Amino acid sequence: MDQAEHLRSEKRILRISFIGSLFFLLTECAAVFFTRSQAVLIDCIYDLADLIMLLPFMILVPRLYKPVTEKWPYGLSQIEPLFVIIRCAVLLFLDIQLMIDSVQMILDGGHIVNATAVASFEFAMALSCILVYVLLGRLCRNVMSPTMESELYVWKVDAYSTAGVGLAFLMQMILQNTPLAWITPYIDPGIAVVMAIILLPEPVAMVRDAVKSLILAAPEPELTERVRKVATDTLLQHGIQITFLDVIKTGRKIWVDIYIIQKDDLLSIKALKTVQKEMMNTLSSEYENIFIELIPELSEEP
């Protein structure tokens with residue numbers, strides 16, 4: 001898939017996600033008005049924050065495909081992890097706030113609303129979120145990027161949270177006419193706390209990876225070692241040795257600088273182009289948006 005097709009696919013995915021998020025937000029606002037449910041209100045606030053954060057992504061993505069320039073030597077790829085950090089930080093804040101509010105609700109004696117109405121609404125929303133998640137997952141298979149990963153994560157969170165809230169109110173319906181009816185006020189905030197804890201690690205990991213990308217830290221060791229192996233095996237066939245390997249991952253792009261020497265101190269430009277093409281053909285099937293530069297070592301030998 002070429003860059004133009006990638007861009008069209010990403011824009012299509014973001015449009016679908018935006019339309020779905022807007023529809024769910026409006027539906028949840030109506031549900032909050034009729035049910036007065038705190039749990040549905042929290043979902044509504046969460047989706048509103050996600051919708052606001054989605055707009056900059058829709059503006060950003062087309063600019064990620066612009067070529068590098070002297071002003072932007074890495075293109076605009078570093079802006080992507082910055083947006084991921086902001087977005088995941090907002091989601092983390094809301095997740096922690098949800099946990100705090102739910103704990104406070106438990107301490108205050110819980111909360112009871114129309115369980116039948118809320119459970120029906122939440123299960124319908126959960127099913128819709130799962131359908132959107134599956135659809136986006138299929139569309140993202142050939143265009144996966146930090147932006148797409150964060151978008152899929154948001155829909156997964158929505159599916160989990162709405163299903164969890166629906167389950168909470170289903171349990172309330174079952175227990176409200178039994179000797180365990182005293183538990184029902186605590187079911188909704190209790191499951192909210194559990195879901196908040198379950199969903200906490202993933203945005204933390206996404207923020208960590210985005211920060212590493214933003215400060216140009218070394219990527220995961222597996223990526224570096226894979227690039228090193230392919231480069232070493234390919235270059236040795238042409239009598240070229242590696243003196244230093246520099247791998248940088250910025251957003252969705254991987255930049256590889258390979259410093260090389262040759263025993264007879266003669267490097268053919270044609271041979272270098274051939275070697276570079278061989279490495280690109282091998283690695284581009286595993287990593288999208290990878291760029292390789294071969295740099296002759298010019299430092300003086302002692």
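Whatever comes next refers back to the structure up there.
These notes cover the structure that comes with them. (Residues numbered from 1 in each chain as written. Predicted model: local features only at pLDDT ≥ 70, side-chain atom pairs only at ≥ 80, totals over all residues. Heavy atoms only, no water.)

Comments concerning the sheet that holds strand E1 (residues 240-250)
- Pairing is mixed across the open sheet formed by 3 strands, whose spatial order is E1-E2-E3. Edge strands, defined here as strands with exactly one partner in the open sheet, are E1 and strand E3 (290-296). Put simply, the sheet's adjacent strands are angled 20° from each other on average, direction ignored.
- The pairing of E1 with strand E2 (residues 253-262) spans 10 bridges and is classified as antiparallel. Counted as the bridge partner of Asp246 is Asp257 from E2.
- Together, E1, E2 and E3 form the strand contacts of helix H8 (residues 221-236), whose direction differs from that of E1 by roughly 150°. (Pairing = 2+ DSSP bridges. Helix = DSSP H or I, 4+ residues; strand = E, 2+ residues; numbered from the N terminus. Axes fitted to C-alpha atoms, helices over the stretch in contact; angles between N-to-C directions. Contact = heavy atoms within 4.5 Å.)

So, the packing of helix H3 (residues 79-107) against helix H7 (residues 201-214)
- Relative orientation of the contacting elements H3 and H7 amounts to 155°, with a least axis distance of 9 Å. In terms of axis orientation, H3 runs roughly antiparallel to H7. In this structure, H3 meets H7 at a crossing whose hand is left-handed. Contact residues: H3 offers Pro81, Leu82, Val84, Ile85, Cys88, Ala89 and Leu92, while H7 offers Pro203, Val204, Met206, Val207, Ala210, Val211, Ser213 and Leu214.
- Of the residues assigned to the contact of H3 with H7, the class counts are 14 nonpolar, 1 polar and no charged. (Parallel < 35°, antiparallel > 145°, perpendicular 65-115°, else oblique. Left-handed = near helix turned anticlockwise from the far one by under 90°. Nonpolar A, V, L, I, M, F, W, Y, C, P; charged D, E, K, R; others polar.)

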